[in-house]
Amino acid sequence: MSSDLWILTASEREAFKINKEDHLSPILATEAAKVLTGETENTDTKENKTEKDGWTEHQEPLLLQVIASELGIEVEDIADFELNLFDTQKAALGGVYSEFVHSARLDNLASCFLAVKGLVEYATEEGLSEDEDISLIAMFDHEEVGSSSATGAGSPIMGDAVKAISAALNSGESNPDLYGATIRRSFVLSVDQAHAIHPNYSGKHEKGHAPKINDGMVIKRNQNQRYATNAITGFLVREIARKSGLPPIQEFVVRNDCGCGSTIGPIISSNTGIRAIDMGCPQLSMHSIRETMGVCDCK
């Protein structure tokens, strides 16, 4: 197994710099297809009959044909689309003892999976019968590009949900006092993957805060408020882990000479006033097409 690093200084980011326009264009087909099919530049195919409507003629004809074929429709029926390229290779176990999970998009589908799994198990094991609180999961779009969208964490979704819940607890009537009490009693766990220490780049981690794969969850802290964790929320989660018999929570703090990424934790906390903590599972190769985390951290 060989994993890359994604904790870089400004100069290192410049050295790794890729021009998104010149270097990341997908390859859809080659000229060899024309040789194999006998087509020539003058062949009167569907792509040459594309109707000019101000949009269709600016799309790649072969791509439109592929989409139409997959959907079982005609090219003319396509009004618009949103497409993303992603790795289709299945996840796999690795390491001598199969202790690693190699997969695309572990950041942050791993946290989404664990959250859903935990809530389902809690609900099916009669945990709700004596629960006086509201347990919910919120999974947002566009976290990696800023969260500023109608379906991102920067939208009113979370605040509106809390207002609706507080109103439902008051026979459908809105009550500012009840809403304020609900906010004060709420707690957000912003669960996103964390940078595990890389054996080949151990100097990239702050000496006293170097999370290890397969060693349990990680609390993430940053004094510039890039993470939402504070002394109170950190203590609460450590106590929850202790009382639940979980391994001691690890801590991640970025080096002082290195920039720090952020999460939806500060966004939700500042928009709603709900106390929050940033935490997650340790992993390597974050944001790479193939990421790596520990099997034990998935349980």
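Note: the structure precedes this text.
Everything numeric in this text was worked out from a predicted model, so none of it was measured.

Rules and cut-offs
Residues numbered from 1 in each chain as written. Predicted model: local features only at pLDDT ≥ 70, side-chain atom pairs only at ≥ 80, totals over all residues. Heavy atoms only, no water. Helix = DSSP H or I, 4+ residues; strand = E, 2+ residues; numbered from the N terminus. Buried < 20%, exposed > 50% of the residue type's maximum accessible area, 1.4 Å probe, protein only. Pairing = 2+ DSSP bridges. Contact = heavy atoms within 4.5 Å. Axes fitted to C-alpha atoms, helices over the stretch in contact; angles between N-to-C directions. Core = buried A, V, L, I, M, F, W, Y, C linked by side-chain atoms within 4.5 Å. Salt bridge = Lys/Arg side-chain N within 4 Å of Asp/Glu carboxyl O.

**Overview of the environment of Ile165**
Piece 1. When you line up the elements, Ile165 lands in helix α6 (residues 157-168).
Piece 2. Exposure remark for Ile165: the relative accessible area of 23% places this residue in the partly exposed category.
Piece 3. Ile165 sits 14 residues away from Tyr179 along the chain, and the two C-alpha atoms are 8.7 Å apart.

**Some details on the sheet that holds strand β4 (residues 194-195)**
Piece 1. In spatial order, the strands read β1-β2-β9-β8-β4; together these 5 strands make up an open sheet with mixed pairing. The sheet terminates laterally at β1 (92-94) and β4, the two strands that pair on one side only.
Piece 2. With 4 bridges joining them, strand β2 (residues 100-103) and strand β9 (residues 291-294) adopt antiparallel strand pairing. Residue pairing in the sheet places Val101 in a bridge with Met293 of β9.
Piece 3. Where helix α5 (residues 106-124) meets the sheet, it contacts β2, β8 (282-284) and β9, and its direction lies at approximately 35° from that of β9.

**Structural notes on the nonpolar core**
Piece 1. The biggest cluster of nonpolar side chains holds 11 residues, and these are Phe140, Ala153, Met158, Val162, Ile183, Val188, Ala228, Ile264, Ile268, Ile274 and Ala276.
Piece 2. Mapped onto this core, the elements with two or more residues apiece are α6 and α9 (264-272).
Piece 3. Core analysis: the next-biggest nonpolar cluster, separate from the first, contains 7 residues, Val218, Phe252, Cys258 and Cys260 among them.

**Overview of the pattern of salt bridges**
Piece 1. Evaluation of the coordinates by the stated rule reveals 6 salt bridges.
Piece 2. Arg290 is the salt-bridge partner of Asp87, the closest N and O atoms lying 3.6 Å from each other. Placement of Asp87 in the loop between α4 (61-71) and β1 and of Arg290 in the loop between β8 and β9 is noted, with a sequence separation of 203 residues between them.
Piece 3. On the basis of relative accessibility, which here comes to 15%, the residue Asp87 falls in the buried class.
Piece 4. The class of Arg290 is partly exposed, set by a relative accessible area of 22%.
Piece 5. A salt bridge links Arg221 to Glu251, with the shortest nitrogen-to-oxygen separation between them at 2.6 Å. Of the two residues, Arg221 is situated in strand β5 (residues 218-221) and Glu251 in strand β6 (residues 250-253); the sequence distance between them amounts to 30 residues.
Piece 6. Under the relative-accessibility criterion, Glu251 is labelled buried at 18%.

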